[in-house]
Amino acid sequence: MICNLCPRKCGAVRTAHSGNGFCKMGELPVVARVAPHYGEEPCISGTKGSGTVFFSGCTMRCVYCQNYEISNEDSGRTITPERLAECYKELEDKGVHNINLVTADHFAHAVVKSLEIYKPRIPIVYNCSGYTSPKTLSMLDGLVDIYLPDFKYADDFLAVKYSSAPNYVNTAIAAIHEMTFQVGLPQFDDDGIMKKGVIVRHLILPAHTKNSLEVLDIVKRRFGDQVLLSLMCQYIPMGKVSDKEFSRINRKITRREYDKVKLEMMRLGIDGFTQELSSADESYVPEWDFEG
């Protein structure tokens, strides 16, 4: 196929097993891990875990990516949409709260096909970078129950520098608007587990609290109470941040940086989740062994 799934619209030629686009992937999904995951927001992981499917490749190139091995080095196992549907069933049988599709934008066609083959009885979570085309999201309307997008940057210069993602800000805003249109306000069951809605994630970068404060302002002004915010302090220096040009972010964030952003979240009255600084630990990064 000629691919224009992501905002880059690079017109890449993608066959079943190869592609010459930015994501470097073919049409068939490449999966690095299928397993219950307990490190998501409390309303996603709950007590039984979130049934995560981690896809390889990405439409961004974040130099600090904690999943660098699979997002940039493309390790993983190629499977069919039929096998992907079986993965959902296997996770569902383990009793997880939901099926969590992590970084699947570039495999959207295969995801749609897999969900047409088997739609689990539990919620489908679509976990993405925020650098997502609303047109691609429209393919998922009625199939996805919960959206979990990042909102990484309020400044396109930073988006290009750290993630090779031009026009990130307007793209993320448009994508999140489409997500809220599809799934509506957050809904929870009697145990506090999310059934529908949008949680916007923001990872604080070291030495970039100004960016974080501006992201909070955008989220408040643009989306108000339509979304929840997950403020994350789990940044670990990984990927390419040891390169001289990225030296400003070659450290963990400080308590002062985190408190500054968290206090602004509280001042703005944004509802959502925060983390403990102890979450910035490499032990939380999964093993990429397909089945976990």
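Report on the accompanying structure. Model, not experiment: these values are computed from the prediction.

## Side note on the overall build of the chain
Now for step 1: Assigned secondary structure in the chain consists of nine helices and 12 strands.
Now for step 2: Taken over the C-alpha atoms alone, the chain extends approximately 50 × 45 × 35 Å along its principal axes.
Now for step 3: Nonlocal contacts in the chain, meaning residues at least 24 apart in sequence, comprise 70% of its contacts between residues at least 6 apart.
Now for step 4: Charge centroids of the chain, computed over 34 positive and 37 negative side chains, lie 5 Å from each other.

## What about helix 6 (residues 156-163)?
Side chains of residues three or four places apart in an α-helix project in the same direction, reflecting 3.6 residues per turn.
Now for step 1: Considered for burial, the residues of helix 6 that qualify are Leu158, Ala159, Tyr162 and Ser163. Around the axis of helix 6, the buried residues are gathered within 105 degrees of arc, so they sit on the same side.
Now for step 2: Next to the buried residues of helix 6 lie helix 7 (168-183) and helix 8 (209-223).
Now for step 3: Regarding helix 6, its N-cap is Asp155, as a side-chain oxygen of that residue lies 2.8 Å from the backbone nitrogen of Phe157 further along.
Now for step 4: Following helix 6 by one or two positions, Ser164 adopts a phi angle in the positive range, close to 50 degrees.

## A few points about the pattern of salt bridges
Now for step 1: Applying the stated criterion across every chain yields a total of 15 salt bridges.
Now for step 2: Here Arg83 ties to Glu86 by a salt bridge, and the two come within 3.4 Å at their closest N and O atoms. Within this pair, Arg83 and its partner Glu86 are both found in helix 3 (residues 81-93), separated by three residues, close to a single helical turn.
Now for step 3: Arg83 gets classed as partly exposed once you look at its relative accessible area, which sits at 22%.

## Section: the side chain of Ser50
Now for step 1: Mapped onto the elements of the fold, Ser50 is located in strand 4 (residues 50-55).
Now for step 2: For Ser50, the side chain forms a polar contact with the side chain of Asn100, separated by 3.1 Å.
Now for step 3: Discounting residues that sit within four places of it in the chain, Ser50 has contacts with Ala35, Pro36, His37, Glu40, Ile44, Ser45, Val96, Asn98 and Asn100.

## Concerning unusual backbone geometry
Now for step 1: A positive phi angle, close to 65 degrees, is found at Lys24, a residue other than glycine.
Now for step 2: Considering the arrangement of structural elements, one finds Lys24 in the loop between strand 2 (12-13) and strand 3 (30-37).
Now for step 3: Assessed through its relative accessible area of 41%, Lys24 is described here as partly exposed.
Now for step 4: Backbone geometry places Ser164, a non-glycine residue, at a positive phi of 50 degrees.
Now for step 5: As for its position among the elements, Ser164 is in the loop between helix 6 and helix 7.

## Considerations on helix 3
Now for step 1: The terminal C-alpha atoms of helix 3 lie 19 Å apart, and with 13 residues this matches the ideal 18 Å at 1.5 Å per residue to within 8%.
Now for step 2: Buried within helix 3 are the following residues: Pro81, Leu84, Ala85, Cys87, Tyr88, Leu91 and Glu92. For helix 3, the angular spread of buried residues about the axis comes to 150 degrees, placing them on one side.
Now for step 3: Where helix 3 is buried, its residues contact strand 3, strand 4, strand 6 (99-102) and helix 4 (108-117).
Now for step 4: Backbone geometry just after helix 3 places Gly95 at a positive phi near 90 degrees.

## Quick notes on the packing of aromatic side chains
Now for step 1: Across all of its chains, the model carries seven aromatic pairs by this definition.
Now for step 2: Summarising the aromatic geometry, the rings of Phe55 and Phe107 are spaced 5.9 Å apart at their centres and angled 40 degrees between planes, so their arrangement reads as tilted. You can see Phe55 sitting in strand 4 and its partner Phe107 sitting in the loop between strand 6 and helix 4, a full 52 residues away along the chain. Accessibility classification places Phe55 together with Phe107 in one group, the buried group.
Now for step 3: Pairing Tyr131 with Tyr168 gives two aromatic rings, centres 5.9 Å apart and planes at 15 degrees, and the pair type is stacked. Separated by 37 residues along the polypeptide, Tyr131 in the loop between strand 7 (124-128) and helix 5 (134-138) and Tyr168 in helix 7 bring together distant segments of the chain. Assigned by exposure class, Tyr131 and Tyr168 land together as buried.

## Points about the pairing of strand 11 (residues 228-232)
Now for step 1: In terms of residue burial, strand 11 counts as a mostly covered element, since five of its five residues are buried.
Now for step 2: Of the two faces of strand 11, the one carrying Leu228, Ser230 and Met232 and the one carrying Leu229 and Leu231 are both buried.
Now for step 3: Summarising the sheet, strand 10 (residues 194-203) and strand 11 pair through five bridges and their orientation is parallel. Its bridge partner being in strand 11, Val200 is matched across the sheet by Leu229.
Now for step 4: Once the chain exits strand 10 it traverses helix 8 before rejoining the sheet at strand 11, and the crossover so formed is right-handed.
Now for step 5: Judged from the three bridges that link them, strand 11 and strand 12 (residues 272-274) form a sheet pairing that is parallel. Bridge pairing in strand 12 links Leu229 to Gly272.
Now for step 6: Following the backbone out of strand 11, through helix 9 (residues 255-268) and into the adjacent parallel strand 12, one traces a crossover that is right-handed.

Calculation notes
- Residues numbered from 1 in each chain as written.
- Predicted model: local features only at pLDDT ≥ 70, side-chain atom pairs only at ≥ 80, totals over all residues.
- Heavy atoms only, no water.
- Helix = DSSP H or I, 4+ residues; strand = E, 2+ residues; numbered from the N terminus.
- Contact = heavy atoms within 4.5 Å.
- Lys, Arg positive; Asp, Glu negative; His and termini not counted.
- Charge placed at Lys NZ, Arg CZ, Asp CG, Glu CD.
- Buried < 20%, exposed > 50% of the residue type's maximum accessible area, 1.4 Å probe, protein only.
- Arc of directions from axis to C-beta.
- Polar contact = N/O pair within 3.5 Å; in protein donor to acceptor, adjacent residues only side chain to side chain.
- Salt bridge = Lys/Arg side-chain N within 4 Å of Asp/Glu carboxyl O.
- Expected span 1.5 Å × (residues − 1).
- Phe/Tyr/Trp six-rings, centres within 6.5 Å; stacked < 30°, edge-to-face > 60°.
- Pairing = 2+ DSSP bridges.
- Right-handed = clockwise from strand over helix to strand, strands pointing away.

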